[in-house]
Structure formats: structure tokens, C-alpha cells
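The primary structure of each chain is shown beneath.
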Amino acid sequence: ALAVPSTHTSTRDSPRNTLTGAAGASLEAGRSSNYATSWFYQFGRLCWRSFRSITREKDNNIALLGQTIVFALLIGCIWLNAAGPVSGKRIQSIAGYLYFVVINQAFSGMFGILFLFPSERVVVLKERGSRMYQIGAYFWSKTVTELPRNLIVNMIFSLITYFMVGLRGGGDHFFVYYVFTVLSMMSSEGLAYVVGAIARDPQQGGAIAPAFIVMAMLFGGFFIGANSMPVWLAWIRHLSFIKYAFAGLMQNEYEGRILDTSACTSGFCPATGDGVLSFYSLDEVPFWANFIIMLVMIVGLRLIAYALLRRGGPKFDHTL
């Protein structure tokens, strides 16, 4: 259930009575903002409620875990040892794999939010209208409590796929790979929150969201390079989180490497990893900048979603 506090007294020990029965200091702090408790107390209680809700979804968690393992094994079998020796002959295969990973994590993150958040939003806005808790406390508690599950799922996916595909050796390179899979999922989740804050129901959200993902894919840097795009459209690539995730993964794999071209007979076969990055136009932004830009996008999209939720709330309540 989404309801947390209540102003009615009861002998039962429920989340409602727990929240309204806060310590005197929290109560006094909350009264100044027209709520029974302070923002931080609401945030803590909502984090606990959301965490308990996630842990109780045993069937969903098992299904998610099983899906992640099976799909990772399938991907690993398709690209089994595709990286292999440091060869210029395998570049297109590895680039295709890394781009697919970004898209896969993006869709996983988006639809995990999209089919739940619009329906949940309706209830949350009603509870906010009753001054049970503030929108900010709900929204940021939801973001925080969903992070551990995302980290675990992406770690399992990364452990299976990274070594089956045979990507660049070294613990630091594996960690970067893992981090960018997490950032890809969180970026798409932020986009899903924005769409969910606009859409009236999951069906409408499902109709809107794919357009944003497809646009990000088209300007992601794999299908067409920046130099080949029309000038009046090329700027859109800077809005694609897929572009920065793909660039980060490719730089992690190829930056500073010398490639073996002895097996090449024809086609694209550069002698250095930097030549690969130049070919895909992925060297215009340094590695660290891709990481920072994705972090900014993750926070920025969530702030936009938060602002939309605030705007869609009761007009008489401006305290968030």
C-alpha cells in the first residue's frame, strides 16, 4: 500500500501511526511546513516502506534474477570470445556488442519503471493532497531504494558477459564496464520517470517512451558517425545518453591499444585503438567527460520528473 501517515489515532502499530507518532522535534519541524512530520523523517520512513515492498516481491525478484542470468548467458554465447586476441578484424563485432549492451540496459531500466510509475503517481498525488508526505520525500526515497537492486542485477550481468565475450583484461576495465552498464540503466530510468510524470497511464507512457529511446539510438554513434550527419541534425547527438555510454565503453576497450592487423585481408582494419575511436567519432569527448555527462543526465532527468510531479499536484500545496 502507498499510504504512509494518518492523523487518526489507533492501537494498531502501522506505518501510518508510526509516521504520525514521530518524536516531538520532528513533529514541531513538520508543523511549520503544514505536515505532521519533517521532510527527513518522511524520507526515512518512505525508504523503509519502499525497501520492504521490494523485498516482499519475491516472485518478481526471482524472475528478474533468472531473466538476467539467462539473457546474459545467451548474449555471452552469441559473442563468445568475440574479443579474443587484440585484433583489428574483430572491431565491428565488439562495437556491435557494446552498443547492444547499452540498448539492452536502457530498455531494461525504462520498462521497469514505465509500467508501474504512472499508476503509482496517481495514488501518491492523492496522498500528497492529504498532506501525508511531501512529493520530494517520496520521489527521492524511491530513487535511493531501487539503486541496490540495480547494482546487483548489473553486477551479475557484467560478471557473466564480460568474461564470456573476452573483453579487455584488468580489474579496472571490468569496473568501468560495470559502471557504464549501471549508468545506462539509470539514465533510461530517469527518462522513464519524466515520461511517467507526463503520461496518464502505463499504456500512454508505453506509446511515448520508445520514441525517445529510438531517437537516442539513432544518434548513439554506432549507425552513423557525427561527420556523416546533416549539420542541422547533428546537434541532437549531444542529447543522447546512449552516445555517451557507448563512447565510454568503446574508450574503455580500445583507448591506447595496439591492434593486430596480420589477419586482415580487406575492409576496415585499423592498427590502433585510437583509430577505432576516430572511425566511430567517439574521440570528440574524453573518457572522464562521458562519465560526468551521464551523471548530470541522471540527476537532471530526475529533477525534471520531480518538477513535473510537483506541477501536477494539488494547487493548494506548494510545500515540497
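Residues numbered from 1 in each chain as written. Predicted model: local features only at pLDDT ≥ 70, side-chain atom pairs only at ≥ 80, totals over all residues. Heavy atoms only, no water.

1. Let's talk about the overall build of the protein
To be explicit about the condition: To qualify as a helix, a DSSP run of H or I must reach at least 4 residues; to qualify as a strand, a run of E must reach at least 2; elements of each kind are numbered from the N terminus. Accessible area is worked out with a 1.4 Å probe on protein chains only. A residue is then buried under 20% of its type maximum, exposed over 50%, and partly exposed in between. Surface exposure here means Shrake-Rupley accessible area, sampled with a 1.4 Å probe, where a residue is shielded only by the protein chains that are shown.
A tally of helices and strands in the protein yields 13 helices and 0 strands. Its helices and strands taken in sequence order, the protein reads α-α-α-α-α-α-α-α-α-α-α-α-α from the N to the C terminus. For the protein, the proportion of its 320 residues judged to be buried stands at 49%. Accessible surface computed for the protein: about 15,500 Å², of which carbon and sulfur atoms make up 66%.

2. A short note on the nonpolar core
This is how it is decided: Put simply, a nonpolar core is a bunch of buried Ala, Val, Leu, Ile, Met, Phe, Trp, Tyr and Cys residues held in one set by side-chain atoms that sit within 4.5 Å of each other. Whether two residues are in contact is decided by their heavy atoms: any pair within 4.5 Å suffices.
Grouped together as the largest cluster of nonpolar side chains are 74 residues, with contacts concentrated most on Tyr97, Leu98, Leu167, Tyr177 and Met250. Residue contributions to this core peak at 15 residues, all from helix H8 (residues 171-198). Discounting chain neighbours no more than four positions away, the residues touching Leu167 are Ala83, Ile94, Tyr97, Leu98, Tyr162, Tyr177 and Glu253.

3. What about the side chain of Asn104?
With respect to the helices, strands and loops of the structure, Asn104 is situated in helix H5 (residues 91-114). Given the relative accessible area of 12%, Asn104 is considered buried. Filtering out sequence-adjacent residues up to four positions away, Asn104 remains in contact with Phe71 and Phe157.

4. Observations concerning the packing of helix H4 (residues 58-78) against helix H7 (residues 135-165)
Threshold: What counts as an axis is a line fitted to C-alpha atoms, over the stretch in contact for a helix, and the angles between N-to-C directions run from 0 to 180 degrees. The labels follow the angle: roughly parallel below 35 degrees, roughly antiparallel above 145, roughly perpendicular from 65 to 115, and oblique for the rest. Crossings are assigned a handedness: left-handed for a near helix turned anticlockwise from the far helix by less than a right angle, right-handed for a clockwise turn. Note that Gly is not counted as nonpolar here; it falls among the polar residues with everything else outside the nonpolar set of Ala, Val, Leu, Ile, Met, Phe, Trp, Tyr, Cys and Pro and the charged set of Asp, Glu, Lys and Arg.
It is the contact of H4 with H7, at a shortest axis distance of 8 Å, that shows an interaxial angle of 20°. Here H4 is positioned roughly parallel relative to H7, judged by the angle of their axes. When you trace H4 past H7, the crossing you get is right-handed. Contacts between H4 and H7 involve Asn61, Leu64, Leu65, Thr68, Ile69, Ala72, Leu73, Ile75, Gly76 and Cys77 from the first element and Arg149, Val153, Ile156, Phe157, Ile160, Thr161 and Met164 from the second. Looking at the contact of H4 with H7 residue by residue, the classes come out as 12 nonpolar, 4 polar and 1 charged.

5. Side note on the packing of H5 against helix H9 (residues 202-218)
Axis separation between H5 and H9 bottoms out at 11 Å; the angle between their running directions is 160°. Overall, the two elements H5 and H9 adopt an arrangement that is roughly antiparallel. Crossing hand, H5 versus H9: right-handed. Residue-level inspection shows Tyr99, Ile103, Ala106, Phe107, Met110 and Leu114 of H5 in contact with H9, the latter providing Pro202, Gly205, Gly206, Ala209, Ile213, Ala216, Met217 and Leu218. A per-class count over the contact of H5 with H9 returns 12 nonpolar, 2 polar and no charged.

6. Here's the deal with the environment of Phe219
Considering the arrangement of structural elements, one finds Phe219 in the loop between H9 and helix H10 (231-234). Spatially, the C-alpha atom of Phe219 lies 8.6 Å from that of Leu239, the residues being 20 residues apart in sequence. Apart from residues lying up to four places away in sequence, Phe219 is in contact with Met229, Leu233, Ile236, Arg237, Ser240 and Lys243.

7. Some points on the environment of Arg310
Note on placement: Arg310 falls in helix H13 (residues 287-311). The partly exposed category is assigned to Arg310, whose relative accessible area is 40%. Distance in space between the C-alpha atoms of Arg310 and Gln134 is 9.5 Å, their sequence separation being 176 residues.

8. Notes on the side chain of Thr181
Take Thr181: it is sitting in helix H8. Overall, the relative accessible area of 1% leaves Thr181 in the buried class. When neighbours within four sequence positions are excluded, Thr181 is seen to be in contact with Val101, Gln105, Asn154 and Ser158.

9. Remarks on unusual backbone geometry
Although it is not a glycine, Asn81 sits at a positive phi angle of roughly 55°. Among the secondary structure elements, Asn81 is positioned in the loop between H4 and H5. The residue Ser281 is not glycine, and still its phi comes out positive at about 55°.

10. Observations regarding a nonpolar patch on the surface
This is how the line gets drawn: Think of a patch as exposed residues, more than 30% relative accessible area, with no salt bridge, where like charges cluster within 9 Å and nonpolar side chains (Val, Leu, Ile, Met, Phe, Trp, Tyr) cluster within 5 Å. Think of a salt bridge as a Lys or Arg side-chain nitrogen and an Asp or Glu carboxyl oxygen that are within 4 Å of each other.
A surface patch of nonpolar side chains, about 490 Å² in accessible area, is lined by Trp288, Phe291, Ile292, Leu295 and Val296. Mapped onto the secondary structure, Trp288 falls in helix H13.

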